[in-house]
Amino acid sequence: MNFPAQMPAAPGADRIGQATAVEQSRAVAEVQAAIYVARQFPREIGRARNSMQSACQSMALAGKAFYRFPRAGGAVEGSTIHLAKTLAQSWGNIQYGVTEMRRDDEYRQSEMQAFAWDVENNTRHVLTFIVPHAKFAKGKVEALIDLRDIYENNANNGARRLREAIFATIPDWFIEEAEDLCRQTLNKGDGKPLPERIEGAIQVFAGLGVSADRLEQKLGRKRDQWTGPDIAQLLITHKSIQRREISVEDEFPQARITAAEIKSKAPTRSGNSAPPADDPWAGQDVAKPGSPN
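Here the structure is a predicted model, which is why all the values come from computation and not from measurement. (Residues numbered from 1 in each chain as written. Predicted model: local features only at pLDDT ≥ 70, side-chain atom pairs only at ≥ 80, totals over all residues. Heavy atoms only, no water.)

Draft legend 1. Here's a closer look at the pattern of salt bridges. Considering all chains together, one arrives at 11 salt bridges under this definition. Across the salt bridge formed by R49 and E177, the nearest N and O atoms sit 3.0 Å from each other. On the criterion of sequence distance, the pair formed by R49 in helix α2 (residues 45–56) and E177 in helix α6 (residues 172–188) is long-range, its members being 128 residues apart. For R49, a relative accessible area of 38% translates into the label partly exposed. For E177, a relative accessible area of 17% translates into the label buried. Across the pair R223 and E216 runs a salt bridge, and its minimum N-O distance is 3.3 Å. Given a relative accessible area of 10%, E216 falls into the buried group. (Salt bridge = Lys/Arg side-chain N within 4 Å of Asp/Glu carboxyl O. Helix = DSSP H or I, 4+ residues; strand = E, 2+ residues; numbered from the N terminus. Buried < 20%, exposed > 50% of the residue type's maximum accessible area, 1.4 Å probe, protein only.)

Draft legend 2. Representation of the nonpolar core in the model. C56, L87, I166 and I170 are the most contacted members of the largest nonpolar core, which totals 33 residues. At the level of secondary structure, the elements contributing two or more residues to this core comprise α2, α3 (59–62), α4 (81–91), β4 (109–118), β5 (123–132), α5 (147–169), α6 and α9 (228–242). Beyond its immediate sequence surroundings of up to four residues, I170 is in contact with L87, A88, I94 and I175. (Core = buried A, V, L, I, M, F, W, Y, C linked by side-chain atoms within 4.5 Å. Contact = heavy atoms within 4.5 Å.)

Draft legend 3. Seen up close, unusual backbone geometry. Even without a glycine there, the phi angle at N93 is positive, about 55 degrees. Within the secondary structure, N93 sits in the loop between α4 and β3 (94–104).

Draft legend 4. Fine view of the side chain of R197. Relative to the helices and strands, R197 resides in helix α7 (residues 194–206). There is a polar contact of 3.0 Å between the side chain of R197 and the backbone oxygen of N187. When neighbours within four sequence positions are excluded, R197 is seen to be in contact with L186, N187, K188, G189, K192, G228 and I231. (Polar contact = N/O pair within 3.5 Å; in protein donor to acceptor, adjacent residues only side chain to side chain.)

Draft legend 5. Expanded view of the packing of aromatic side chains. Within this structure, the stated rule accounts for 3 aromatic pairs. On the numbers, 6.3 Å between centres and 75 degrees between planes, the contact of W91 with W173 is edge-to-face. Of this pair, W91 sits in helix α4 while W173 sits in helix α6, and the two are 82 residues apart along the sequence. Owing to a relative accessible area of 6%, W91 belongs among the buried residues under this scheme. Its relative accessible area of 39% is what places W173 among the partly exposed residues. Consider the rings of W173 and F174, whose centres lie 5.6 Å apart with planes at 85 degrees: the pair is edge-to-face. We classify F174 as buried; its relative accessible area is 0%. Members of the aromatic cluster, each reached through a chain of ring pairs, are W91, W173 and F174. One residue, R161, lies across the ring of F129, its end atom 4.5 Å from the ring centre. (Phe/Tyr/Trp six-rings, centres within 6.5 Å; stacked < 30°, edge-to-face > 60°. Lys NZ or Arg CZ within 6 Å of the ring centre and 35° of its normal.)

Quick look at the structure:
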C-alpha cells in the first residue's frame, strides 16, 4: 500500500485580513511599549509604600476594603476588589483586567478570563474559568434568565478572580501592611467620639430593620461597652449587606422564644384562687354585674 508523502493541509483561511493584521501589530507594539516604559521608569518601593499608606488611612477606602459573607454556619472575611485595585495602582507598572471570552446561551454559561501582569518583572497571573448562568438561593440552584442578572453574576465572579490575580502579583508584605492600616483606620473612625459613632451605627442598622437589641446580641455586650473594633465590625457587616454578600437574617437572626419563656410570662390564676384584695364583691354572696345568676 502506498501512502502519500505529505498529508494535505487542514482547511482554513489562506490569508489574514487587513484589519486583523493591523490589530495583531498593534497588540504586539503595545506590549513592547509597556515593557520598555516599565524598564525606563521602574517603581520606587518607598513612593509606592507612601501612596498605599495615604490611601489606607482614608475612610473612603477603609470602609469598603473588607467583605463578609456566610459559609458553613460561620462567616468568611477578606479583602475586597476595591483594596486590590488601589494596591495595584500604588505598586505601579501593573496591568490587570477581566473579560468575557465566550457566552454560551445553550449551556447557560460564560467562559471568562482575569489577569494581572507585572510589566516591570514580566510576571503574569492568568485565571480562566467558567461561570454558570445560575445562582444558589434558598437552598437550591436557580437559573438566571434576565440579561442584567447574567451580567451582574459574571461581573461578581470576575471581580473575585481579578482580586486573586492582583494579590498573586503584589508582594505579601505590601498587602498585609495595607490591611492592617485599613483596620486601624476603621477602629479610629472618622474623628467622631465613640458614643457618637455608636449612636450612628444604631441608626444605620435601624434603617435595615435591625434593632439595637439584635446588635447587642451579635456583639455579645451592651452598647455602652462597645469599642472601636466593634464599630469597625458593624461597618464591614453593613457594607457587605449593601453589596448583597450577606443578608440581614443570616447576620442578625431573630431571637427565638421558647415555650418555657412564654409560660413564665403568662399570668397564672387558677379557678380556686382568692380574688384580688381590691375586689369590691369579695366575700359577698351576690352575683357580680354581668355574671350569670
